[in-house]
Structure formats: C-alpha cells, structure tokens
Amino acid sequence: MESDRDDAGETGTVVTPSAEFPPLGAEERAALGRLGARWHGPRSAEDLPVDPTLGRRDHRPRPTRFGRFTPIDLFTVAQPDELVATGPAHLPGDRPGRAVTRLRRILVGPPLASSSVLYERMRKLVALPVLSSDLLSSVAYGPEAMLAVLVLAGGAALGLALPLAALLAVLMVAVGLSYRQTIPAYPHGAGSYIVAGDNLGRTPGLAAAAGLMLDYVLTVSVSVAAGVHAVTSALPGLTRWAVPFGVLVIAVLLAGNLRGVRTAGNIFVLPTYAFVMVVLALLAVGYGKAAARGFAPVPPPAVPAAEGLGLLLVLRAFSSGAVSMTGIEAVSNAVPAFRPTEWRNARTTLGWMVAMLVTLFAGLVGLIHLDGLVPRAGETVLSQLGRVTFPTGPWYAILQATTALILLLAANTAFNDFPRLLFFMARDGHVPRRFLHMGDRLAFSNGLVALALAAAVVFVAFGGHTERLIPLYAVGVFLAFTLSQTGMVVHWRRRRGRGWRRRLGVNAAGATLSGLVLLTAAVAKFTEGAWVVVVAVPLLVLLFRRIHRHYATLHRALALHPPPPHAPPGPAGSAEGEELPQQVRHLVVVPVARLNRASLRALAYAASLGRPTLAVHIAPEEAEADRFREQWRAWGDHLRLETIVSPYRSVIGPLAHYLEALHTGRPELTLTVIVPEVVLRRRRHRLLHSRAEQRLRAALRALPGVVVTSVPVHVSQ
C-alpha cells in the first residue's frame, strides 16, 4: 500500500537532464541580487544593435552555413525571450563532423528530446529481464564455482553442496527482503551508496560505492567470460578466439545501451525469458527422471582429494556459491527507471527476481547432486547436466544457446546501474561532473563508455578465464550489501515509525548474513585474488575524497561574494575579483608579427573597443626591429608600439613573460590579449603553419587576469 512507503525517501533526487545544472542556494541567490543592484549596464533589448531573440525573422531563401538555397530554421521562438534549437542546429558545420554524426545516429539512433525522459521508463515485464539478467544468469556459474572448491577435498565432500545451497537460499531471501524494505524508504534510488552515506556517513557511503563499482566492472567481465566459455564448451574450435570474441561482445553491449534504456530493454527481454523457460524445462525433465528411479543419487566419479576437508575450504565454497547473488541490488538502484508508481513496481519486480533465483539455484544444485556430476575442465557443469537430461533432440543445443546468450547479455545489468551510480556520485562531487550528462538517447553515455573500457581491460588482463575472476567477485558486492543493510538498521532506529522493530530486524538479519559472507570471502580468498579488492576499495575512497576536495575548492572560488552594501564601486585589488562592469579596467594588447591584413584587422578591432591599446612586436634581432618600426611609422603610428628583441629567436616565452610583468605591475588591470588568427578551410593546410596563436593561448592560460581572444581572418582556399 502507499502508506507502506517511508517519506524519508522523498529527499532523493529524480534523474533528469537538468541535474548537471544545479540551482543556486539561498545565500548565492541573495548574493546575486546584491550584485545585480550595483550593476551598471544595458537594461533592455532596445539597447542592443540586434534582436537577441531572433524574433523578427523573415523566411526568404538565403545562404546559410548549413544550406546554400533552402532556408533551414535552426531555432524556433517558444516565447518572447526563449529560443528552442531544432534538429539541424545540432549538426556540426564541417563535412567530417556531419559524417561522424550520421554514423553515430546509425549505430545509436536519432537524438531524443529532454522531455522524453519521462517516457524512457520500463514496465515490470521489461524491467524484470533487463535488471535480472545478471542475477539469474549467475546460476549458470554459481553452483559450479561452489562445487569446484568442494571437489578439491574429493568426491565425498560434494555431499556438502546441499546444506550449503540451503544456507545460500536463506541468505538470498534475507537480502532480498532487506532490499524490498529499502526501496520504499528511498523511492528515488536505493543504492548502497545513498543508503550508507545517509545513515552511516560519507566514508562508508564511498566504500559501498567503491565496492559496487568493482562489482559492476567484474559483472561485465565475468558474465562475458562465462558466456564465451559456454560457447566454447559447445564449439571447442572457437577457444583460441575467446578473448577477441569477448571484447566484441562488450562493444555490442555498449552500442545497445547507448541507444537508451527502453530500446536496450526491448533487446534483452527475449534472451532472459528464454533462459528461464529452458532451465525450468531442464529441472522438470531432470527431476522427472530422478523420480522414476526413486530420487536415488547417481554416485559421482572418483575424484582424488587435492587438500583436506576443513572449515576454511567449506567457507571458500560458500563464498564462491554466493556469487550467484550478484545483481540482487540492481532493482533498488534503478528505481527511477520504472514507470509510476516507481517504488511499488520496483519492489514487485525484486520479489519476482528473488523467487526465480532461489528456485533456479536450489533446483540446479539438487539436480546436479542427484545426477552425480562434478566440475571438469573444458565443459561447464550446466552443459554436462544438459547432456544427461537431454541426450537426444535439439534441447541441449537450445540450452547452450540460451545460456550463452544470457551470460553474454547479463552484463547489461551493470550497464544499467554503473552509470546511474556515477550519476549520484557526480551529483555529490565525488567523481567527475561529466557523468551527470545524458547523451543523445537520454542514457548516461560517459558512464557507459567508462564501464565498457574498464571491463574490457579486466577481461583481456585475465585472459577471459572465469575461474580467475570469481575470487575477485564476492568481496565488493557483499561489502555494499553489508553497508547498505547496516545503514537501513540505523535508518529505522532514527525513524521509529509504524512497525519499525520488524523492519529493523529484517535489515539486521540481512546485514549480519552479508557481513559473514564478506569476512568469509575476504579471508578465505585473500591469497587467490581477493586482496586486489581489499586494497582497491580504500584507494578508490581516497580518490573520491580528493575529487570532492577539488570540487569544494572550485565551488568556494566561484561562489558569489558581493561587495559590502556601502563599498565604493572602484577597482578591485585583483582583476579576477571584478564582478561589476564599472570595476573592470582594460589594457588591450595586440601581438603583431608582421603588418598584413590579419594584424591590421586585429588592431582595428582593438582600437574600436575604446580602451588603452598596446601593440607588441617580437623581433629576432635589432635590424628587424628597426625595419618593423619603420613600417609602423609608415602605417601612421596610430597606436603605441612596444618592440622586444629576442636574441634566441623565441617568440612565445618573451611575450608571455612580458605580459606577466605587466600584470604583476598593475594587478587591477584586465589584460585583454587580441590575437590575429588565420582560419584555414582545409585541415591539411594546417600542417603548413606554425599555429603560434594556439601556443600563445596555452602559455597565457595560467596567468590570472588575462583574457585571450582571437580575431579570425578566413582563407577560402
């Protein structure tokens, strides 16, 4: 019911394209008003020589940058002071840029308007396969990962698979119920990062985020590796092409997700449902055959013991089987992607997912035990089970095809949640702000590309072997589970609403069980590779805090600080402290290499500003300096000229140091450097020029109080 939802979640942030443009706070709005009251400048559109809204337009044919004869409306007037850019306005002006844009639209699709974000949502039947593909596909390798550890103690140790599977089923239900409570409490996105950060503090929230980020990257790598292994189990001849094939799959997943949430969802619906139906058919036929023989287990083949059966080995097996739970958080993290009512649809979808996971996982472990199967090199346990259950007919091929397909596409869950996690972190300033940006198809393109690149690097580095990646898998995700559920315990203690003790107990059980698995995985698999995650999480937290520190410093530097109400409107002590037009005092500097059309146009532009203007010429020797001064006098000596002799023939260095000296002597002045620039039409011609204006701009960028602008002269050929 609606009343079950906790109102605390209303403080969340809805995912919109406007998130990368945060509004001003109350103090900055007040500062803005005080600055505006002291502003002296044009007040109305009539003061401008052109119509700023392009409202008075005719539709006569005229040449434009985008068309020679047919008029193209690049803007439409929505209201008197607002323009709306049309589709052609987004096209690059040059031919190569337009070609790249057309290719991107072929691969990704045409751009979607920002208003369409409300329609890029998923209904439950689509969200279930999209968000559960990782969770459900893990049953293809989770049971095998558990058995692969138990078999090290010999065939007799395989009998422990059933009690371990029962414990894992209890863990799945407990964590699933915990997240079902988290969703209505945080209806705008209930990821571990948000929950842990709100209730436990910034550092636990960042630790949860680091664990999730590692989990999402490994989800893509492990899912693709397992899918490739399923393909090579059926077609051994493709084994040598496993790594290139896996990288290609990651690229295809990236392209599919760049097309948008709804389009990607439609792509991944059929494979997930097909896999579930085929596995259910496998279980029905397999248990039917087992019932015909009275459920008598088939003795497993004799397997020599490689190590003794002890508590550490059992714990390793349990933590290996727990990788079947990766992805259980996906729904709670993607609540905004559901259609209204978002939290209710997300909670229902999570319930379906957990029920299906427990059914498939427990069913497969039990059937593997009854058929006496053990892991072996070159063929997955699921493939062996398929051969035993479907000895004839096309059903084995269908099982392998659907298994390979869902494993290859299971990484789509990470492609949904990883960019969304980066969005929330970027909103708080812990990762680069570029991850707030939505691409053409209203997908977080930068986050998708970052995930694909990271996963491809991990996949190639480990040679596409699933068994090498599994030990890295459980630590990060169960760290996030533990912190999230612990955060919910603190949340219920603070809220103390109706039924808070029952809810606290459910989340406490989930936190306890997740914490036990976390400790087990970290200790038992530390030497097998889990140490990488144990070391990486603190390093990532440190990185996130450094990024946040940078953004905090930047915000303090750019925040609005108006002068006191009775302060005189005179010049500020530093040029970069000027915020009112009457405070700005210009000195215009024009570097002149030779007197030609480009330099004369720059000088004319500088003089038209009506500010003190200084021309500067760098000469390699005295003779050339004398010649230039003679040419300057022939021109009329209209502006003051400063000639600098550079005996070592360097131009950029002496000019930059001269401007720095000017600024040091008069820090209240704003140095406006006007650079004449020749704009070439053909890119290949740029190699024939030194491009000194770009080098000068780079050299002056570090100087405070210096503004660099270009006066272009276009060359048509």
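Here the structure is shown first, and the text comes after it.
Residues numbered from 1 in each chain as written. Predicted model: local features only at pLDDT ≥ 70, side-chain atom pairs only at ≥ 80, totals over all residues. Heavy atoms only, no water.

With respect to the overall build of the chain
Per the secondary structure count, the chain includes 24 helices and seven strands. For the chain, the proportion of its 717 residues judged to be buried stands at 49%. A separation threshold of at least 6 residues defines the contact pool for the chain, and within that pool the share at least 24 residues apart is 78%. Summed over all atoms, the accessible surface of the chain reaches about 34700 Å², with 63% contributed by carbon and sulfur. (Helix = DSSP H or I, 4+ residues; strand = E, 2+ residues; numbered from the N terminus. Buried < 20%, exposed > 50% of the residue type's maximum accessible area, 1.4 Å probe, protein only. Contact = heavy atoms within 4.5 Å. Areas by Shrake-Rupley, 256 points an atom, 1.4 Å probe, with all protein chains shown as cover.)

Side note on the packing of aromatic side chains
Scanning all chains against the criterion turns up eight aromatic pairs. Ring centres 5.8 Å apart and planes at 70° place the aromatic pair Tyr179 and Phe481 in the edge-to-face group. Of this pair, Tyr179 sits in helix α5 (residues 161–185) while Phe481 sits in helix α18 (residues 473–495); the two residues are 302 residues apart in sequence, bridging distant segments of the chain. When sorted by exposure, Tyr179 lands in the same class as Phe481, which is buried. Through a chain of ring-to-ring contacts, three or more aromatic side chains come together here, namely Tyr179, Phe478 and Phe481. Positioned above the aromatic ring of Tyr551 is the side chain of Arg433, whose terminal nitrogen or guanidinium carbon lies 4.4 Å from the ring centre. (Phe/Tyr/Trp six-rings, centres within 6.5 Å; stacked < 30°, edge-to-face > 60°. Lys NZ or Arg CZ within 6 Å of the ring centre and 35° of its normal.)

A word on the nonpolar core
Buried together is how nonpolar side chains tend to be arranged in soluble globular proteins. Counting 152 residues, the largest nonpolar core has Leu131, Val220, Val224, Ile328, Phe415, Met425 and Phe478 as its most contacted members. A per-element tally of this core places helix α7 (residues 202–234) first, with 18 residues. Ranked by size, the runner-up nonpolar core spans 19 residues in total, among them Leu587, Tyr658, Val675 and Leu696. (Core = buried A, V, L, I, M, F, W, Y, C linked by side-chain atoms within 4.5 Å.)

Re empty space enclosed by the protein
The tally for this structure, following the rule as stated, stands at three cavities of 30 Å³ or more. If you trace the second largest cavity, you find 13 residues lining it, with Asp134, Asp215, Tyr216, Gly327 and Ala330 closest to the centre. Mapped onto the lining of the second largest cavity, the elements with two or more residues apiece are α7, α15 (412–427) and α18. Top contributing element to the lining of the second largest cavity by residue count: α7, with four residues. Among the residues making up the lining of the second largest cavity, the classes are represented as seven nonpolar, three polar and three charged. (1 Å grid on protein atoms, 1.4 Å probe; cavity = no way out; pocket = protein on both sides within 12 Å on 5 of 7 lines; lining within 4 Å. Points joined across faces, edges and corners; volume = space filled by probe spheres on them. Nonpolar A, V, L, I, M, F, W, Y, C, P; charged D, E, K, R; others polar.)

Re the pairing of strand β4 (residues 613–619)
When you tally the buried positions in β4, you get seven out of seven residues, the bulk of the element. Note: strand β3 (residues 585–591) against β4, four bridges, orientation parallel. Looking at β4, one finds that Pro591 is bridged to Val616. Two elements, β4 and strand β5 (residues 640–645), share six bridges in a ladder whose sense is parallel. Its bridge partner being in β5, Val616 is matched across the sheet by Glu642. (Pairing = 2+ DSSP bridges.)

A word on helix α23 (residues 652–665)
Helix length check: α23, at 14 residues, gives a terminal C-alpha distance of 20 Å against a target of 20 Å (1.5 Å per residue), a fit within 8%. Taken together, the buried positions of α23 are occupied by Ile652, Leu655, Ala656, Tyr658, Leu659 and His663. The arc that holds the buried residues of α23, viewed along the axis, is 160°, so those residues lie on one side. For α23, the exposed residues lying more than 90 degrees away from the buried face are His657, Thr664 and Gly665. (Expected span 1.5 Å × (residues − 1). Arc of directions from axis to C-beta.)

So yeah, pure geometry; function would need other evidence.
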